[in-house]
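Next come the chains, spelled out residue by residue.
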Amino acid sequence: PYAIGSIDASTLRSSGPMVNLSEAMARVPGLVVANRNNYAQDLQISSRGFGARAGFGVRGVRLYTDGIPASMPDGQGQVSHFDLANAQRVEVLRGPYGNRSGGVIAAVSAPVRAGQFETGLDVGQYGLRQWRVSAAAPLGNGFEARVGASGLEWDGFRPQSAASKTSANARLAWQGERDRVIVLASVLDQPA
């Protein structure tokens with residue numbers, strides 16, 4: 001009975017430079033993602049009207065990263081820490097889910113099947129400069145690890161709208177026959 005949408009890794013990459021989740025979320029019916037290009041406030045996400053009155057951030061929609069809640073106890077959350085470059089998919093459940101009337105947005109990291117190293121560089125209008133680097137490897141006995149870092153510099157298209165952002169993510173996972181353990185660490189620096 002749930003309306004579920006899924007955006008895969010190739011769609012995330014082809015939607016834009018992966019600066020914001022808003023680039024790919026336009027494909028999900030019933031979801032409105034307001035990108036005001038104000039990095040101090042993050043995105044405003046509304047699912048079927050829930051969360052539309054939030055001045056900033058995400059309210060009324062539960063956020064998950066690899067099954068780990070990313071919403072605060074008061075229900076507010078931000079998606080700026082989602083590691084879009086290393087995501088296998090982003091799932092969106094529209095409709096009631098527990099105490100969240102608007103549903104769920106869940107980022108799911110890609111499993112590590114082989115050792116890999118990836119870099120990326122984006123340059124665009126209004127002084128957009130973005131870099132990404134990530135490395136991943138299976139460690140044996142069900143363990144896998146992934147680390148990544150990215151940086152963004154943007155001059156903005158209006159006065160006083162310049163922004164910079166640096167983030168780093170580390171993920172250590174173990175998969176057993178019936179159990180799974182994931183340890184995530186994220187650092188986000190967005191000077192005001």
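This one's a predicted model, so the numbers in the text were calculated from it and none came from an experiment. (Residues numbered from 1 in each chain as written. Predicted model: local features only at pLDDT ≥ 70, side-chain atom pairs only at ≥ 80, totals over all residues. Heavy atoms only, no water.)

(A) Spatial organisation of the overall build of the chain. Summing up its helical and strand segments, the chain has two helices and twelve strands in all. Helices and strands in the chain line up, N terminus first, as β-α-α-β-β-β-β-β-β-β-β-β-β-β. In summary, the chain has a C-alpha radius of gyration of 17 Å against a globular reference of 16 Å for 192 residues, a match within 12%. Oriented by its inertia axes, the alpha-carbon framework of the chain measures out at about 50 × 40 × 30 Å. Looking at the chain residue by residue over its 192 residues, the buried ones come to 43%. In the chain, of all internal contacts separated by at least 6 residues, the share reaching a separation of at least 24 is 45%. Of the accessible surface of the chain, which amounts to about 10500 Å², a share of 54% is contributed by carbon and sulfur atoms. Each charge sign in the chain was given a centre, from 19 positive and 15 negative side chains, and these centres are 7 Å apart. (Helix = DSSP H or I, 4+ residues; strand = E, 2+ residues; numbered from the N terminus. Rg over C-alpha atoms; globule rule 2.2 N^0.38 Å. Buried < 20%, exposed > 50% of the residue type's maximum accessible area, 1.4 Å probe, protein only. Contact = heavy atoms within 4.5 Å. Areas by Shrake-Rupley, 256 points an atom, 1.4 Å probe, with all protein chains shown as cover. Lys, Arg positive; Asp, Glu negative; His and termini not counted. Charge placed at Lys NZ, Arg CZ, Asp CG, Glu CD.)

(B) Representation of the nonpolar core in the model. Grouped together as the largest cluster of nonpolar side chains are 23 residues, with contacts concentrated most on L21, M25, V79, F82 and I105. Put simply, the parts of the chain that give this core at least two residues each are α2 (22-25), β6 (87-94) and β7 (103-109). Broken down by element, the residue count for this core peaks at three residues, all from β6. Every residue in contact with L21, bar those within four places of it in the chain, is listed here: L43, V79, F82, L84, V90 and I105. (Core = buried A, V, L, I, M, F, W, Y, C linked by side-chain atoms within 4.5 Å.)

(C) Looking closely at the environment of N86. Within the fold, N86 resides in the loop between β5 (68-69) and β6. With sequence-adjacent residues up to four places away left out, N86 is seen in contact with S109, A110, S134 and R146.

(D) Region of interest: the packing of aromatic side chains. In the structure shown here, the tally under the stated rule is two aromatic pairs. Taken together, a centroid distance of 5.9 Å and an interplanar angle of 65° make the contact between W154 and F157 edge-to-face. When its relative accessible area of 42% is taken as the criterion, F157 is described as partly exposed. Aromatic rings pair up to connect Y126, W154 and F157 into one cluster. (Phe/Tyr/Trp six-rings, centres within 6.5 Å; stacked < 30°, edge-to-face > 60°.)

(E) Quick peek at the pairing of strand β10 (residues 143-154). Where strand β9 (residues 128-140) lies against β10, eleven bridges are found, and the strand directions are antiparallel. By the bridge assignment for β10, A135 is matched with V147. Between the end of β9 and the start of β10, which pair antiparallel, lie two residues, with N141 showing a positive phi angle near 55°. In terms of strand pairing, β10 meets strand β11 (residues 163-175) through twelve bridges, oriented antiparallel. When the bridges of β11 are listed, F143 appears paired with W174. (Pairing = 2+ DSSP bridges.)

(F) Just the confidence of the model for the chain, in detail. The predicted model of the chain averages 85 in pLDDT, with 91% of residues at 70 or higher. The spread of mean pLDDT over the elements of the chain runs between strand β3 (residues 44-47), the lowest at 78, and β9, the highest at 94. (pLDDT = per-residue confidence, 0-100.)

(G) Quick peek at the sheet that holds strand β4 (residues 62-65). Taken together, the five strands give an open sheet; going across it, the order is β1-β6-β7-β4-β5, and neighbouring strands pair in mixed fashion. Edge positions in the sheet fall to β1 (3-8) and β5, since each has one partner strand and no second. In this sheet, β7 lies alongside β4 in parallel orientation, the contact comprising four bridges. If you follow R62 over to β7, its bridge partner there is V104.

(H) Looking closely at the environment of G30. With respect to the helices and strands, the residue G30 is situated in the loop between α2 and β2 (31-34). What makes G30 partly exposed here is its relative accessible area of 42%. Put simply, G30 and A3 are 27 residues apart on the chain and 9.5 Å apart in space, counted from C-alpha to C-alpha.

(I) Up close: the pattern of salt bridges. This structure, assessed with the given rule, holds six salt bridges. The salt bridge partner of R171 is D66, with a shortest N-O separation of 3.0 Å. With R171 in strand β11 and D66 in the loop between β4 and β5, this residue pair connects regions lying 105 residues apart in the sequence. For R171, a relative accessible area of 10% puts it in the buried group. (Salt bridge = Lys/Arg side-chain N within 4 Å of Asp/Glu carboxyl O.)

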